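# Examining the three-dimensional arrangement
Residues per chain are reported as follows:
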Amino acid sequence: MANGFNRFNLHPTLVQAITDLGYSEPTAIQSAVIPDLLAGQDGSGQAETDTGKTEAFGLPILNNLVGGLGMVQSLVLVPTRELALQVAGALESYATGLQPAVLPVYGGQPYSRQIGRLKRGVDIVVGTPVSA
């Protein structure tokens, strides 16, 4: 099946996962940001709600992960715990075949649990800063 995300040369497992989720053509923010992030460059973008910003940064992160390192390879900061949970869940759904360890870190949860998961090794931390 043809998928417009193929032009980014993403890992086939990622393309299959996003195809299964119903995505077939990249949005403007995805087309603008994904190539730069895949090339290891910094990226910046702004777009309306529901335009695919999570995929725009998440797919390159997942594509560039090195399996088996047992250490944090990417840190995603978001403003709220609800968004941390949403982004972590989205990253896990995009990478079903790659099975990265994604940990949302936020207040209101016992620190010992979160620290324990970090010590066991995670690939991606999605967190929200502590408010003062």
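Residues numbered from 1 in each chain as written. Predicted model: local features only at pLDDT ≥ 70, side-chain atom pairs only at ≥ 80, totals over all residues. Heavy atoms only, no water.

### Regarding the nonpolar core
Our working definition: For this analysis, a nonpolar core means a set of buried residues of the types Ala, Val, Leu, Ile, Met, Phe, Trp, Tyr and Cys, connected via side-chain atoms within 4.5 Å. Using a 1.4 Å probe on the protein chains alone, a residue whose accessible area is under 20% of its type maximum counts as buried, one over 50% counts as exposed, and one in between counts as partly exposed. Elements are defined by DSSP. Helices are runs of H or I of four residues or more, strands are runs of E of two residues or more, and each kind is numbered from the N terminus. In what follows, a contact means two residues having at least one pair of non-hydrogen atoms within 4.5 Å.
Counting 23 residues, the largest nonpolar core has Leu10, Leu59, Leu91, Ile124 and Val126 as the members making the most contacts within it. At the level of secondary structure, the elements contributing two or more residues to this core comprise α1 (12–20), α2 (28–38), α3 (53–63), α4 (81–94) and β3 (124–127). Here this core gets 6 residues from one element, more than from any other, and that element is α4. Not counting residues up to four positions away in its chain, the partners in contact with Val126 are Val76, Val78, Ala84, Val87, Ala88, Leu91, Val102, Leu103, Pro104 and Val105.

### Topic: the environment of Val105
When you line up the elements, Val105 lands in strand β2 (residues 102–105). A C-alpha to C-alpha distance of 9.6 Å links Val105 and Leu77, two positions 28 residues apart in sequence. With near-sequence residues (within four places) excluded, Val105 lies in contact with Gln114, Val125, Val126, Gly127 and Thr128.

### Observations regarding the sheet that holds strand β1 (residues 74–77)
Counted only if it meets this: Only strands joined by at least two bridges in the DSSP assignment are considered to pair. Think of each axis as a best-fit line through the C-alpha atoms, taken over the contacting stretch in the case of a helix, with angles from 0 to 180 degrees between the N-to-C directions.
With parallel pairing, the 3 strands of this open sheet are ordered in space as β1-β3-β2. The strands lining the two open edges of the sheet, one partner per strand, are β1 and β2. Each strand of the sheet is rotated relative to its neighbour by a mean of 20°, with strand direction disregarded. Of the strand pairs in this sheet, β1 and β3 are connected by 4 bridges, and their pairing is parallel. The partner of Val76 across the bridge, within β3, is Val126. Packed onto the sheet, α4 meets β1, β2 and β3 and runs at close to 175° relative to β2. Across the face of the sheet, helix α5 (residues 111–120) comes into contact with β2 and β3 while running at roughly 150° to β2.

### Examining α2
Going by this rule: This arc is built from the directions going out from the helix axis to the C-beta atoms.
For α2, every residue scored as buried is listed here: Ile29, Gln30, Val33, Ile34, Leu37 and Leu38. End-on view of α2: buried residues confined to an arc of 120°, all on one side of the axis. Of the surrounding elements, those touching the buried residues of α2 are α3. Of the residues trailing α2, Gly40 is marked for its positive phi of about 85°.

### Side note on the pairing of β2
To keep it simple, the criterion reads: Looking down the strands as they point away from the viewer, one classifies a crossover as right-handed if the path from the first strand across the helix to the second runs clockwise.
Pairing of β2 with β3, which is carried by 4 bridges, proceeds in the parallel orientation. The partner of Pro104 across the bridge, within β3, is Val126. Note on the crossover from β2 through α5 to β3: the handedness is right-handed.

### Focus on the side chain of Gln114
Along the chain, Gln114 falls in helix α5. For Gln114, the contacting residues outside a window of four places in its chain are Leu103, Pro104, Val105, Tyr106 and Gln109.

### Section: the environment of Val130
Relative to the helices and strands, Val130 is located in the segment after β3. Val130 sits in the exposed class, given a relative accessible area of 72%. Along the backbone, Val130 and Ala39 are 91 residues apart, and their C-alpha atoms lie at a distance of 32 Å.

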